[in-house]
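A structural walkthrough
In case you want the letters, here they are:
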Amino acid sequence: MTLLEVSGLRVTYPQGFRRPDFNAVNGVDLEIGEGETIGLVGESGSGKSTIGNAVLGLAPVSGGSIRFDGKDISKAKPRQRRLLSEHMQVVFQDPYGSLNPSRTIGQTLAEPLRVHRDLSPTATRSEVSAMLERVGLRDSDAQRYPAAFSGGQRQRIAVARALMVRPKLVVCDEAVSALDLSTQAQVLNLLKDLQAEMGMSILFISHDLAVVRYMSSRIVVLYRGEVMERGTTRDIYASPTHPYTQKLVAAAPIPDPDRRTMQT
Ligand code: ADP
Ligand code: MG
């Protein structure tokens, strides 16, 4: 079953007085099945985040459609968006920016439950501590603030927050790009394990083809707001057909020892 179907998506940004609008995304098609991970790869500025943001309702859709669970959500109103956020969550690159520094981790993880579930304080606490443990943190970490954690730990917290309400889709936008290689591998493996348990679909966005390859069954290659190539990860790697993809594959680093631990 298809969970997310993006067809002919266009996102146009105004550029100011007497300058033509800028087409950041220009007719992109993309499909994600239930429980599947699709990799969206391309150089910086190619429109990857814009696509993720359009799916999340954070970028203006000027053409095409976004269907989620069979419904067109491209023009969803704020109220419908709030309901959708139960099924659609996001992990951004910089959890320092997205985790509220003045809230404890426990408060941050309880928030999605407060919005979407009607649980007693005791039940909420036990859900939070189960999730903390699940992502490799301790129960007592609920009392601490984001500043007390390392980058990798903060990204585990961002993953935990995204999964509190068991969403159907998680958009990961450069979710491990700020981490060193061995921490990247740990967080990627955590995501894979959680996906195996919970069955969510992932739109996995990164400029790093090696990371995208490790996570995705299928890859979409983006260049200047348009899809250059798409296919199974295996096919794209074995025989990239588009010159841009060939360059991307050639530029992907030769596996070093840290990378090798990612290749199970
Ligand atoms: P990527 O995630 O692939 O690096 P983005 O989707 O962030 O690319 O950006 C694609 C293009 O759209 C870039 O040229 C960027 O400068 C532009 N852009 C992104 N967001 C906005 C915005 N809110 N207003 C104007 N231009 C934007
Ligand atoms: Mg981006």
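Along its length, the protein carries eleven helices and ten strands. Taking 264 residues into account, the globule formula puts the C-alpha radius of gyration at 18 Å, and the protein, at 19 Å, falls close to it. Projected onto its principal axes, the C-alpha positions of the protein cover 55 × 50 × 40 Å. Burial status across the protein gives 48% buried among its 264 residues. Considering only contacts in the protein between residues 6 or more positions apart, those separated by 24 or more positions represent 68%. A total of about 13,000 Å² of accessible surface is found on the protein, and carbon and sulfur atoms cover 49% of it.

In terms of domain boundaries, the protein breaks down into domain 1 (2-87 + 167-251) and domain 2 (103-166). Placing the centre of domain 1 and that of domain 2 at their C-alpha centroids yields a distance of 26 Å. Taken together, the contact pairs 19 residues of domain 1 with 14 residues of domain 2. For the pairing of domain 1 and domain 2, the buried interface totals around 1,400 Å² over both sides, and the portion due to carbon and sulfur atoms is 66%. Here domain 1 and domain 2 share two salt bridges between them. Of the charged contacts, one joins Glu-197 and Arg-134 as a salt bridge, the two residues approaching to 2.5 Å between their closest N and O atoms. In this structure, the connection of domain 1 to domain 2 is made through four residue pairs in polar contact (both at pLDDT 80 or more). At the level of secondary structure, the elements contributing two or more residues to the side of domain 1 that touches domain 2 comprise helix H2 (78-84) and helix H7 (181-198).

Here we take up the nonpolar core. It is characteristic of soluble globular proteins that their nonpolar side chains tend to be buried jointly. Among the nonpolar cores identified, the biggest contains 48 residues, and Val-91, Leu-109, Cys-172, Phe-204 and Leu-209 are the most heavily contacted of them. Ranked by residue count, the leading element in this core is helix H6 (residues 151-163), at six residues. Grouped together as the second largest cluster of nonpolar side chains are 28 residues, Val-25, Val-28, Leu-84 and Val-171 included.

So, about helix H4 (residues 105-116). Listing the buried residues of H4 in full gives Ile-105, Gly-106, Thr-108, Leu-109, Ala-110, Pro-112, Leu-113 and His-116. Of the surrounding elements, those touching the buried residues of H4 are H2, helix H5 (121-134) and H6.

With that settled, consider the packing of H4 against H6. Axis separation between H4 and H6 bottoms out at 8 Å; the angle between their running directions is 25°. As judged from the angle between their axes, H4 and H6 are roughly parallel. On H6, the residues that touch Ile-105, Thr-108, Leu-109 and Pro-112 of H4 are Ile-157, Ala-160 and Arg-161. Taken together, the residues of the contact of H4 with H6 break down into five nonpolar, one polar and one charged.

Turning next to unusual backbone geometry. Look at Arg-166: it is not a glycine, yet its phi comes out positive at around 50°. Within the secondary structure layout, Arg-166 lies in the loop between H6 and strand S7 (169-173). Even without being glycine, Glu-174 reaches a positive phi, approximately 50°. Within the secondary structure layout, Glu-174 lies in the loop between S7 and H7. Given the relative accessible area of 11%, Glu-174 is considered buried.

What follows concerns the packing of aromatic side chains. Within this structure, the stated rule accounts for one aromatic pair. Geometrically, the ring pair formed by Tyr-223 and Tyr-244 is tilted, given 4.7 Å between the ring centres and 35° between the ring planes. Taken together, the residues Tyr-223 in strand S9 (residues 218-223) and Tyr-244 in helix H10 (residues 243-251) connect sequence positions 21 residues apart. Classification of Tyr-223 by relative accessible area gives partly exposed; the value is 24%. The ring centre of Phe-149 lies 4.7 Å from the NZ or CZ of Arg-144, which sits over that ring. A cation over an aromatic ring shows up here: Arg-213 above the ring of Tyr-237, its NZ or CZ 3.7 Å from the ring centre.

The next subject is the site of ligand 1. Near ligand 1 the following residues occur: Tyr-13, Phe-22, Ala-24, Glu-43, Ser-44, Gly-45, Ser-46, Gly-47, Lys-48, Ser-49 and Thr-50. Gly-47 places a polar main-chain atom, nitrogen or oxygen, 3.0 Å from an oxygen atom of ligand 1. Within the complex, 58% of the 560 Å² of free accessible area of ligand 1 lies under protein. Secondary-structure elements contributing two or more residues to the shell around ligand 1 are strand S2 (22-33) and helix H1 (48-56). Take the shell around ligand 1: its biggest share by element is three residues, from H1.

About the thresholds
- Residues numbered from 1 in each chain as written.
- Chains lettered and ligands numbered in written order.
- Predicted model: local features only at pLDDT ≥ 70, side-chain atom pairs only at ≥ 80, totals over all residues.
- Heavy atoms only, no water.
- Helix = DSSP H or I, 4+ residues; strand = E, 2+ residues; numbered from the N terminus.
- Rg over C-alpha atoms; globule rule 2.2 N^0.38 Å.
- Buried < 20%, exposed > 50% of the residue type's maximum accessible area, 1.4 Å probe, protein only.
- Contact = heavy atoms within 4.5 Å.
- Areas by Shrake-Rupley, 256 points an atom, 1.4 Å probe, with all protein chains shown as cover.
- Domains from an automatic or database assignment.
- Buried area = accessible area lost by both parts, 1.4 Å probe.
- Salt bridge = Lys/Arg side-chain N within 4 Å of Asp/Glu carboxyl O.
- Polar contact = N/O pair within 3.5 Å; in protein donor to acceptor, adjacent residues only side chain to side chain.
- Core = buried A, V, L, I, M, F, W, Y, C linked by side-chain atoms within 4.5 Å.
- Axes fitted to C-alpha atoms, helices over the stretch in contact; angles between N-to-C directions.
- Parallel < 35°, antiparallel > 145°, perpendicular 65-115°, else oblique.
- Nonpolar A, V, L, I, M, F, W, Y, C, P; charged D, E, K, R; others polar.
- Phe/Tyr/Trp six-rings, centres within 6.5 Å; stacked < 30°, edge-to-face > 60°.
- Lys NZ or Arg CZ within 6 Å of the ring centre and 35° of its normal.
- Near = heavy atom within 4 Å.

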